[in-house]
Structures are given as C-alpha cells and as structure tokens.
Amino acid sequence: MAKFKWLLIGAVVALGTYGYFAATQLRLESTPPPLQLRQRVLYVTTPTQTYELIVEVAETPEQQMRGLMYRTELAEDHGMVFLFPRATDVGFWMKNTKIPLSIAFFDQNGRIVRILDMDPCTLPPEESDRCPVYAPGLAYVGALEVNQGWFAARGVKEGDSISFGPWK
C-alpha cells in the first residue's frame, strides 16, 4: 500500500511538472518574436528644435499589423514608423500592445496632422475585439509611434514636421 501511495504521489508530481512546462511553452509560443525591420534615422522638428529618433520601419501589411505588439519596452528616442503607399484614414488597434504609446499621423509633406495617446490593451484573446481603435479622423500617409508622452515632453504639436535621415 505504501508503495502504491508513493507511486501515486510520483505520478501527480510528474503530471504537475509536465503541465507547468507545457503551459510555459504555450505562453512562449503565443508571444512571437519581434519582426526584424529596417531602421532609419527620423527627425521631428518644432519651430525651435529638431529631435532625432531611431525608428523601425513597418512597410509591409504584416509588419504594420504586428507593429509594437508583444513588446514590453521601447527605448527612449526610439520608435516605429508606419509608411503607406497612399493616403489612408484607418485607425490603430492596440491589441496585444503592452506599452503606452503616443502616435503622430503625418501627411505627404511630413506635416504632423494629429497626435494621439494610446493605452495598452492586453485583454484575453476571447475579448480582444473590445480593444479600442485610435483613429485620427483625417487622411495621412505615415504614422510615428513613440513612448507615451514623448511628443508632449518636447512640445511637439500638430503642424510640426517629420523628415527622414539616411537608411541604416
């Protein structure tokens, strides 16, 4: 009887350990690695100052759909720029985005036409359709995402400009 008891305890521990590792592996697989994107230097210019950022460039639909999803941090003076082949007015969805962001939408001349703050949305998959969409309410050809508050801290406003430096 004692031998059976220890056998049963061993089986429970083994199943529990397997369950833990299986759940950990599933969690790791559900968070895909960041996409490898090209980087560029980008400049944000106000009437009194120009700020330099290092940005990842999201050009393809897959890159744009993923954006900064699953990231847990974004370095200071870094961001992601989204470039579109023609003007659009679609909003940005913060599904699976874990960090608060600010976004500047800009027109074909690089003029910032709208700045919004976006909050993370990490609802479970069955509720992720409830994540808010942040739409500028007007047409744009590009959008720049940075840590929330980056634009405000530097006095960047609508009407200021965004331009690109050399490819890296």
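Here the structure is shown first, and the text comes after it.
The structure contained in this document is the topic of the report that follows. (Residues numbered from 1 in each chain as written. Predicted model: local features only at pLDDT ≥ 70, side-chain atom pairs only at ≥ 80, totals over all residues. Heavy atoms only, no water.)

## Observations concerning the state of the cysteines
(1) Moving on: Within this structure, the stated rule accounts for 1 disulfide.
(2) Moving on: A sulfur-sulfur separation of 2.0 Å characterises the disulfide bridge that pairs Cys-121 with Cys-131. Its torsion about the S-S bond being -80°, the disulfide of Cys-121 and Cys-131 is classed as left-handed. In this pair, Cys-121 sits in the loop between β6 (112–118) and β7 (133–134) while Cys-131 sits in the loop between β6 and β7, placing the two residues 10 residues apart along the sequence.
(3) Moving on: Since its relative accessible area comes to 6%, Cys-121 is described here as buried. (Disulfide = S-S within 2.5 Å. Helix = DSSP H or I, 4+ residues; strand = E, 2+ residues; numbered from the N terminus. Buried < 20%, exposed > 50% of the residue type's maximum accessible area, 1.4 Å probe, protein only.)

## Some points on the packing of aromatic side chains
(1) Moving on: Under the counting rule described, the total for this entry stands at 6 aromatic pairs.
(2) Moving on: Aromatic side chains Phe-82 and Phe-92 sit 4.9 Å apart centroid to centroid with 85° between the ring planes, which places their arrangement in the edge-to-face category. Pair noted here: Phe-82 is in strand β3 (residues 78–88) and Phe-92 is in strand β4 (residues 92–93), with a separation of 10 residues, a long-range link.
(3) Moving on: Under the relative-accessibility criterion, Phe-82 is labelled buried at 1%.
(4) Moving on: Overall, the relative accessible area of 9% leaves Phe-92 in the buried class.
(5) Moving on: Relative to Phe-105, the ring of Phe-92 lies with its centre 5.7 Å away and its plane at 75°, an arrangement referred to as edge-to-face. (Phe/Tyr/Trp six-rings, centres within 6.5 Å; stacked < 30°, edge-to-face > 60°.)

## Regarding the nonpolar core
(1) Moving on: With 21 residues, the main nonpolar core has Phe-82, Phe-92, Leu-101, Phe-105, Met-118, Tyr-140 and Ala-143 as its most contacted residues.
(2) Moving on: Beyond its immediate chain neighbours, meaning those up to four positions away, Ala-143 contacts Met-80, Val-81, Phe-82, Phe-92, Ile-103, Ala-104, Phe-105 and Phe-106.
(3) Moving on: Counting residues in hydrophobic clusters, the runner-up holds 16 residues, among them Val-55, Ala-104, Leu-144 and Val-156. (Core = buried A, V, L, I, M, F, W, Y, C linked by side-chain atoms within 4.5 Å. Contact = heavy atoms within 4.5 Å.)

## Quick notes on unusual backbone geometry
(1) Moving on: With a phi angle near 60°, Asp-77 is a residue other than glycine that sits in the positive phi range.
(2) Moving on: Tracing the sequence through the fold places Asp-77 in the loop between α2 (61–66) and β3.
(3) Moving on: Take Asp-77: its relative accessible area is 30%, and that puts it in the partly exposed class.
(4) Moving on: A positive phi angle, close to 60°, is found at Asn-96, a residue other than glycine.
(5) Moving on: Looking at the element boundaries, Asn-96 is found in the loop between β4 and β5 (101–106).

The values are spatial; any link to function lies outside them.
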